[in-house]
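Here's the letter readout for the chains.
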Amino acid sequence: MSETVNIEGAYCASPLPHSEQIVMGHGAGGRMSHQLIQKAFVSAFQNPALQAGDDAAMLQPVPGIQLSISTDAHVVTPLFFPGGDIGKLAVCGTVNDVAMLGAKPFYLTAGFILEEGLSMSTLQQVITSMQAAAQEANVQIVAGDTKVVQKGKADGLYITTAGVGIIPIGTNISGTQAKPGDVIILSGSIGDHGIAVLGARGELGFESTIQSDVAPLNHLIEAMINASHNIHVLRDPTRGGLATTLNEIATQSNVGIMLDEKTLPVHTEVASACEMLGFDPLYIANEGKLVAFVSREDVDAVLKAMKSTRYGEDAVIVGEVTAEPRGRVLLKTSLGSTRIVDMLAGEMLPRIC
Ligand code: MG
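Residues numbered from 1 in each chain as written. Predicted model: local features only at pLDDT ≥ 70, side-chain atom pairs only at ≥ 80, totals over all residues. Heavy atoms only, no water.

### Here we look at the overall build of the protein chain
Move 1: Each helix and strand in the protein chain was counted, giving nine helices and 14 strands.
Move 2: The C-alpha extent of the protein chain, read off along each of the three principal axes, is 55 × 55 × 50 Å.
Move 3: Within the protein chain, the fraction of its 353 residues that count as buried is 52%.
Move 4: Once local pairs closer than 6 in sequence are excluded, the contacts in the protein chain between residues at least 24 apart make up 84%.
Move 5: On the protein chain, roughly 15,400 Å² of surface is accessible, and the fraction owed to carbon and sulfur atoms is 55%.
Move 6: Charged side chains in the protein chain number 22 positive and 36 negative. The centres of these two groups are separated by 2 Å. (Helix = DSSP H or I, 4+ residues; strand = E, 2+ residues; numbered from the N terminus. Buried < 20%, exposed > 50% of the residue type's maximum accessible area, 1.4 Å probe, protein only. Contact = heavy atoms within 4.5 Å. Areas by Shrake-Rupley, 256 points an atom, 1.4 Å probe, with all protein chains shown as cover. Lys, Arg positive; Asp, Glu negative; His and termini not counted. Charge placed at Lys NZ, Arg CZ, Asp CG, Glu CD.)

Structural data, given as structure tokens:
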């Protein structure tokens, strides 16, 4: 449930019809996921932290302390892919969601669902990878749980992580804070993770060198926050891709977004894979990228800070926030026309995270 819920908008409606069943599209991170989250979970558990609709919840348990809390379940298949594995994904996914409120993440917990027959060496490899990712992010995995299910009742290994971090007082970064005039910065190329996982499944039809971008972004975010007090929104465009993430923010903040297609960084191999498979890189998942909405006067300072870090060196300006059309994302194409970029509608690439 850590992915965004939109409280104002199009997806609040009637309760869940009992005849309906869960389909793969409910897990794709697009419109169907939002409808499920809204109808099944938010309406049942309603509280302000959940309803804010960010990837982490902002909590103030006592005066003077602001916490960022998030949780994420990981079911990627295969367990290992170029550039990462389920363990690295499980650590980075939660570290990043916690950090996107401007928080410094400190602690994670991890729950493992293991299938009977999983080899010990596979489990050890995943744990070693989690250890390395936690060390890089400078977080500790302080509690966990292990369950085993019978052979055939799971697919090797699932991992759920939860994380907590502290938001510096005075920081107010949220998907609700985008303002007309804000400049939108993207930290690097899009589509790498989704295409790398497809490649690992042998579904590309050609040998590829594309690596997943999975990475902890908390040090990048810290550098950005040190450079500017005028960062309004931070979010990682994971499932549903950049298109879905920007639609969430446009709805949450009730603003328009204008993207410039020719500025969008896409690796050649990702572009060719997308063209061949009929995908749009705007909808492909990333696991080590972020978008930042920044006041125009601070853009240079933020870009400079980003470029000085490992995961922000390819940062570019990709668009801006407009007053109208509210709740909409538009794309100025390389041909000079303008088209609407909608949220991901159904299922695209199942089990990529
Ligand atoms: Mg996120």
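That covers the picture; the talk isn't over yet.
### Considerations on the coordination of the magnesium ion
Move 1: The magnesium ion binds to the protein through Asp-55 (OD), Asp-97 (OD) and Asp-236 (OD); the donor distances cover 1.9 to 2.1 Å.
Move 2: Using a relative accessible area of 4% as the deciding quantity, one classes Asp-236 as buried. (Donors = N, O, S within 2.8 Å, 3.2 Å for Na, K, Ca; no water.)

### Observations concerning the domain arrangement of the protein chain
Accessible area lost upon the coming together of the parts serves often as the stated size of an interface.
Move 1: What the domain assignment reports for the protein chain is domain 1 (54-167) and domain 2 (183-340).
Move 2: A C-alpha centroid distance of 23 Å is found between domain 1 and domain 2.
Move 3: Each partner contributes to the interface: domain 1 provides 24 residues, whereas domain 2 provides 25 residues.
Move 4: Summed over both sides, the interface of domain 1 with domain 2 buries roughly 2,000 Å², with 57% coming from carbon and sulfur.
Move 5: For domain 1, the biggest contributors to the area lost against domain 2 are Pro-82, Met-100 and Glu-136; these three give 29% of the whole.
Move 6: Along the contact surface separating domain 1 from domain 2 lie two salt bridges.
Move 7: Two residues, Arg-235 and Asp-54, come together in a salt bridge whose shortest N-O distance is 2.7 Å. (Domains from an automatic or database assignment. Buried area = accessible area lost by both parts, 1.4 Å probe. Salt bridge = Lys/Arg side-chain N within 4 Å of Asp/Glu carboxyl O.)

### Topic: the packing of aromatic side chains
Move 1: Under the counting rule described, the total for this entry stands at two aromatic pairs.
Move 2: Geometrically, the ring pair formed by Phe-41 and Phe-45 is stacked, given 6.4 Å between the ring centres and 25 degrees between the ring planes. Note that Phe-41 and Phe-45 are positioned in helix 1 (residues 31-45) at a spacing of four residues, about one turn of the helix.
Move 3: Ring centres of Phe-106 and Tyr-107 lie 6.2 Å apart, and the angle between their planes is 40 degrees; this geometry places the pair in the tilted category. (Phe/Tyr/Trp six-rings, centres within 6.5 Å; stacked < 30°, edge-to-face > 60°.)

### What about the packing of helix 5 (residues 192-200) against helix 8 (residues 268-277)?
Move 1: With their axes 10 Å apart at the nearest point, helix 5 and helix 8 run at an angle of 65 degrees to one another. With respect to each other, helix 5 and helix 8 are oriented roughly perpendicular. By crossing handedness, the relation of helix 5 to helix 8 is classed as left-handed. Across the interface between the two elements, Asp-192, Ile-195 and Leu-198 of helix 5 pack against Val-270, Ala-273, Cys-274 and Leu-277 of helix 8. (Axes fitted to C-alpha atoms, helices over the stretch in contact; angles between N-to-C directions. Parallel < 35°, antiparallel > 145°, perpendicular 65-115°, else oblique. Left-handed = near helix turned anticlockwise from the far one by under 90°.)

### Some points on the confidence of the model for the protein chain
Move 1: With 95% of its residues at a pLDDT of at least 70, the protein chain reaches an overall mean of 94.
Move 2: For the stretch residues 1-13, pLDDT sits under 50, and the model shows 52 contacts to residues farther than four places along the chain or on other chains. (pLDDT = per-residue confidence, 0-100.)

### Digging into the environment of Gly-163
Move 1: Along the chain, Gly-163 falls in strand 7 (residues 157-166).
Move 2: Classification of Gly-163 by relative accessible area gives buried; the value is 6%.
Move 3: Spatially, the C-alpha atom of Gly-163 lies 9.0 Å from that of Asp-72, the residues being 91 residues apart in sequence.
Move 4: The residues touching Gly-163, leaving out its near neighbours within four places in the chain, are Ser-68, Ile-69, Ser-70, Thr-94, Val-98, Tyr-107 and Leu-108.

### Notes on the nonpolar core
Move 1: Core analysis: the biggest nonpolar cluster contains 63 residues, and Ile-195, Leu-282 and Phe-293 have the highest contact counts within it.
Move 2: Counting 22 residues, the second largest nonpolar core, distinct from the first, contains Ala-215, Leu-220, Ile-221 and Val-302. (Core = buried A, V, L, I, M, F, W, Y, C linked by side-chain atoms within 4.5 Å.)

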